[in-house]
Amino acid sequence: MLDPKLLRSDLDHVVAKLRIKNYELDVASFSQLEERRKSLQVDTQNLQGERNSRSKAIGTAKAKGEDIQPLLDEVAVLGDQLKAAEAELSELQDSLDDLLLGIPNVPDDSVPAGNSEDDNEEVLRWGEPPAFDFEPRDHIDLGQALGGMDFERAARLSGARFVTMTGSLVTLHRALIQFMLNQHILEHGYTETYTPYLVNEATLTGTGQLPKFKQDLFHIDSENHNLYLIPTAEVPVTNFVAGSIVEAEQMPLRFVAHTPCFRSEAGSYGKDTRGMIRQHQFEKVELVQVVKPGDSMAALEELTGHAETILQLLGLAYRKVVLCGGDLGFASTKTYDLEVWLPGQNTYREISSCSNMTDFQARRMKARWRNPKTGKPELVHTLNGSGLAVGRSLIAIMENYQRADGSIQIPDVLLPYMHGMTEIRV
RNA sequence: GGAGAGAUGGCUGAGAGGUCGAAAGCGCUCCCCUGCUAAGGGAGUAUACGUUAAUAGCGUAUCGAGGGUUCGAAUCCCUCUCUCUCCGCCA
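Here the structure is a predicted model, which means the values were calculated and not measured.

**Side note on the pairing of strand E7 (residues 226-229)**
Part 1: Alignment of strand E5 (residues 198-199) against E7, held across two bridges, turns out to be antiparallel. Paired with Leu198 across the two strands is Leu229, which belongs to E7.
Part 2: Pairing between strand E6 (residues 219-221) and E7: three bridges, direction antiparallel. Across the sheet, residue His219 finds its bridge partner in E7, namely Tyr228.

**Quick word on the pairing of strand E16 (residues 381-389)**
Part 1: Taking burial as the measure, the nine residues of E16 include nine buried ones, the bulk of the element.
Part 2: Where strand E10 (residues 281-291) meets E16, seven bridges bridge the pair, whose relative direction is antiparallel. Considered in E16, the bridge of Val288 is made with Asn384.
Part 3: As paired strands, strand E13 (residues 347-356) and E16 are joined by three bridges and run antiparallel to one another. Pairing of Asn356 across the sheet is with Leu383, part of E16.

**Here's the deal with the environment of Ala113**
Part 1: Examined against the element boundaries, Ala113 turns out to sit in the loop between helix H5 (78-101) and strand E1 (121-126).
Part 2: Judged by relative accessible area, Ala113 falls into the exposed class, the value being 58%.
Part 3: Ala113 sits 287 residues away from Asn400 along the chain, and the two C-alpha atoms are 33 Å apart.
Part 4: Leave out the neighbours within four places in its chain, and Ala113 touches Ile20, Asp119, Cys324 and Gly325.

**Brief notes about helix H13 (residues 390-400)**
Part 1: Counting buried positions along H13 gives eleven out of eleven residues, so the element sits mostly inside the fold.
Part 2: Val390, Gly391, Arg392, Ser393, Leu394, Ile395, Ala396, Ile397, Met398, Glu399 and Asn400 are the residues of H13 that are buried.

**As for unusual backbone geometry**
Part 1: Of note, the amide linkage connecting Leu210 to Pro211 takes the cis form, showing an omega dihedral of 5°.
Part 2: Summarising the element assignment, Pro211 is placed in the loop between helix H9 (201-207) and E6.
Part 3: Cis geometry is found at the peptide bond from Met251 to Pro252, where omega equals 0°.
Part 4: As for its placement among the helices and strands, Pro252 is situated in the loop between strand E8 (245-246) and strand E9 (253-262).
Part 5: The phi angle at Asn22 is positive, at roughly 60°, despite the residue not being glycine.
Part 6: Exposure remark for Asn22: the relative accessible area of 46% places this residue in the partly exposed category.
Part 7: Of note, Thr358 is a non-glycine position whose phi angle comes to about 45°, a positive value.

**Quick word on the side chain of Thr171**
Part 1: Looking at the secondary structure, you find Thr171 in helix H8 (residues 168-187).
Part 2: Discounting chain neighbours no more than four positions away, the residues touching Thr171 are Tyr417, Met418, His419 and Met421.

**Details of a negative patch on the surface**
Part 1: On the surface, Glu91, Asp94, Asp97 and Asp98 cluster together to form a negatively charged patch.
Part 2: Topologically, Asp97 is positioned in helix H5.

**Comments concerning a positive patch on the surface**
Part 1: A contiguous patch of positive charge, built from Lys366, Arg368, Arg370 and Lys376, is present on the exposed surface.
Part 2: Note on placement: Lys376 falls in the loop between strand E14 (368-370) and strand E15 (377-379).
Part 3: Given a relative accessible area of 53%, Lys376 falls into the exposed group.

So, how was this worked out
Residues numbered from 1 in each chain as written. Chains lettered and ligands numbered in written order. Predicted model: local features only at pLDDT ≥ 70, side-chain atom pairs only at ≥ 80, totals over all residues. Heavy atoms only, no water. Pairing = 2+ DSSP bridges. Helix = DSSP H or I, 4+ residues; strand = E, 2+ residues; numbered from the N terminus. Buried < 20%, exposed > 50% of the residue type's maximum accessible area, 1.4 Å probe, protein only. Contact = heavy atoms within 4.5 Å. Patch = residues over 30% accessible without salt bridge, like charges linked within 9 Å, V, L, I, M, F, W, Y side chains within 5 Å. Areas by Shrake-Rupley, 256 points an atom, 1.4 Å probe, with all protein chains shown as cover. Salt bridge = Lys/Arg side-chain N within 4 Å of Asp/Glu carboxyl O. Lys, Arg positive; Asp, Glu negative; His and termini not counted. Charge placed at Lys NZ, Arg CZ, Asp CG, Glu CD.

Shown next as structure tokens:
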């Protein structure tokens, strides 16, 4: 959520900023609601004040043993007026909140303009795409040939966009998770976390998935439960600090979590339908930081660097792009995508997305820290990034480390997790 | 699943229809005293919103959440959520 004060004091500026994100703020609706809210709130508070002072007078009169009936008669009409005013105000407040919850975060000044991923700006390329003296295969061919990856079986169990895996490929998948976790915990200073995979509406509202993006989520709506499957660990982990005040000396908080992620992928029909690129269920190692407001842009660079380190240690060629305004997520002010080279697709594909949400999520979650300079609680800044998406990492390893005979070489950093295996073959 | 108890400020914890945004203690901040250490005295110490030049005043709201009763609710009633204790079941 944006700062309502900012919207009131500098609306034109916010509108201009949001245009970079291709979002047109409904200024008329906002101004109208805001104006009515103001006058209605003043009226309501005046009525409340009157009721309070009169009730107090009744109290003191009663204590003195005076006849209070005349006072009661005076106050009789006040109740209904007040009730009506309060009802109207709360209704108005709700519409205003709905509007505010639907407005995206404003982009950082460094974010380039643009409409789609084609307008994203490349910041760097690392590594060389491998040169093969044979025609490289994609992970689907490789996985089927190796016998460990089966999309048809998964479709019988669940439907499209699922996979079953067996054997060494699963070991490799698990090795990737262990390697990433250990790197972030032992080398990058993150605290390992375990979280629920089902969360409530308040939690998803805190990070910004609700109310606007309900269609992207899997929803458990049963007699006794109203829960959603997490689309990313960002949701439960960032909400660790919801409603709390973090001590200054504890910051920055750095959390890493490995969780499954569930996405309905509504609206992506026909996109990436083959293979493991876009699934309803996938594993991700997620990085979350909670930092002091002044530190968040530096923290974004740092966090993105932590994700890059994983790619570098795995020896995977990648490029780093800054998302343009039109491609920027709802809650983000600035996002770096890391795109790994996939020989099977002959292109770079997103494997990590690292974002600075500034105080946008913190305001929704009421996540604050106590600023020693002011002694007051102030909103924290939150960041998150994939470090990395595990399923896509598996694909990347398979396609980049494939050999002419269809076997797959295990990258050195994963060897400690592979029970002595140095390659995967039929 | 059954029975019971509870939820109050940064923390502990009083308060049981009116003068309660809330006693007291702890913690924290400032000041005084005291030549170290320790101790003592005083003052202050929630958040949001509105009004405003203002972090000054003033007003409004907030005692788990949401409804209700009442002129007036932390206090009474209802619903929900969560926590604790005992029993049952269980990976």
